Amino acid sequence: QVQLVESGGGLVQPGGSLRLSCAASGSIFVRFYAMGWYRQAPGKQRELVAVITSGGSTNYEDSVKGRFTISRDNAKNTVYLQMNSLKPEETAVYYCNAKRSPVDSWGQGTQVTVSA
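Not measured: the values here are computed from a predicted model.

Here the focus is the pairing of strand S8 (residues 78–83). Among the six residues that make up S8, five are buried, leaving the element largely enclosed by the rest of the structure. For strand S3 (residues 18–26) and S8, the ladder comprises six bridges, and the chain directions are antiparallel. Across the sheet, the residue bridging to Ser21 is Tyr80, located in S8. By the bridge criterion, six bridges tie strand S7 (residues 68–73) to S8 in an arrangement that is antiparallel. Among the inter-strand pairings, Ser71 is bridged to a residue of S8, identified as Tyr80. Counting the residues between successive antiparallel strands, the hairpin from S7 to S8 contains four residues, one of them, Asn77, with a positive phi of roughly 55 degrees.

Here is the structure:
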């Protein structure tokens, strides 16, 4: 069984920064999984923001390239999303995901609100 717990969300002003954390526990070592961050804004579909593969490759949604960075700490079994220059339209619930067939697990989400 895999448990993912997100933290680090909150209220931030436009242009500000936040770092989200996703702590994994149970039958998972994050270095062997594709770990992703997704977000879902009210009334919109969940979308992929960033992913880091088991090989360490990273990929980002176009609108966050150059501003967001996904990383992982294998010793802490934790994945991070550093978000800089945040925009109001990035207000959403941010979810952590772990994929390695047949596992496809989600955390409960953390709210990020970008507002003045």
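Now for the sheet that holds S7. One open sheet holds the four strands; their spatial order is S1-S3-S8-S7, and the pairing between them is antiparallel. Each edge of the sheet is formed by a strand with only one pairing partner; in this case those strands are strand S1 (2–7) and S7. In this sheet, adjacent strand axes meet at a mean angle of 15 degrees when their direction is disregarded.

Right, let's get into the state of the cysteines. Inspection of the entire model under this criterion finds one disulfide. Paired through a disulfide, Cys22 and Cys96 show a sulfur-sulfur distance of 2.1 Å. Its S-S torsion of approximately -75 degrees makes the covalent link between Cys22 and Cys96 left-handed. You can see Cys22 sitting in strand S3 and its partner Cys96 sitting in strand S9 (residues 92–100), a full 74 residues away along the chain. Comparing Cys22 with Cys96 shows no difference in burial state: the two are buried.

Among the secondary structure elements, Lys99 is positioned in strand S9. A relative accessible area of 32% means that Lys99 is categorised as partly exposed. Counting along the chain gives 63 residues from Lys99 to Gly36, while the straight-line C-alpha distance between them is 8.2 Å. Beyond its immediate sequence surroundings of up to four residues, Lys99 is in contact with Tyr33, Ala34, Tyr38 and Asp104.

Attention now moves to the pattern of salt bridges. Inspection of every chain in the model, using the stated rule, returns six salt bridges. Measuring nitrogen to oxygen at the nearest pair gives 3.8 Å for the salt bridge that ties Lys99 to Asp104. The network of salt bridges with common partners includes Arg39, Glu47, Glu61, Arg67 and Glu90.

Cut-offs used in this document
Each residue is numbered by its place in its chain's sequence as written, counting from 1. Local features are withheld for residues below a pLDDT of 70 in this predicted model, meaning they are given only at 70 or higher, and side-chain atom pairs are given and counted only at 80 or more; totals for whole chains, interfaces and linings count all residues. Side-chain descriptors were evaluated using all non-hydrogen atoms of the structure, hydrogens and water having been removed beforehand. Only protein chains enter the accessibility calculation, which uses a 1.4 Å probe. A residue is then buried if its area is under 20% of the maximum for its type, exposed if over 50%, and partly exposed in between. Helical segments are the DSSP runs of H or I of at least four residues, strand segments are the runs of E of at least two, and each set is numbered from the N terminus. Strand pairing requires that DSSP identify at least two bridges connecting the strands. With axes taken as lines fitted to C-alpha atoms, and helix axes fitted only over the stretch in contact, angles between N-to-C directions fall between 0 and 180 degrees. Note on terminology: disulfide denotes any pair of cysteine sulfur atoms within 2.5 Å. Residues are treated as being in contact if the distance between any of their heavy atoms lies within 4.5 Å. Any Lys or Arg side-chain nitrogen found within 4 Å of a carboxyl oxygen on Asp or Glu counts as a salt bridge.

Interpretation in functional terms is not warranted from these geometric data alone.
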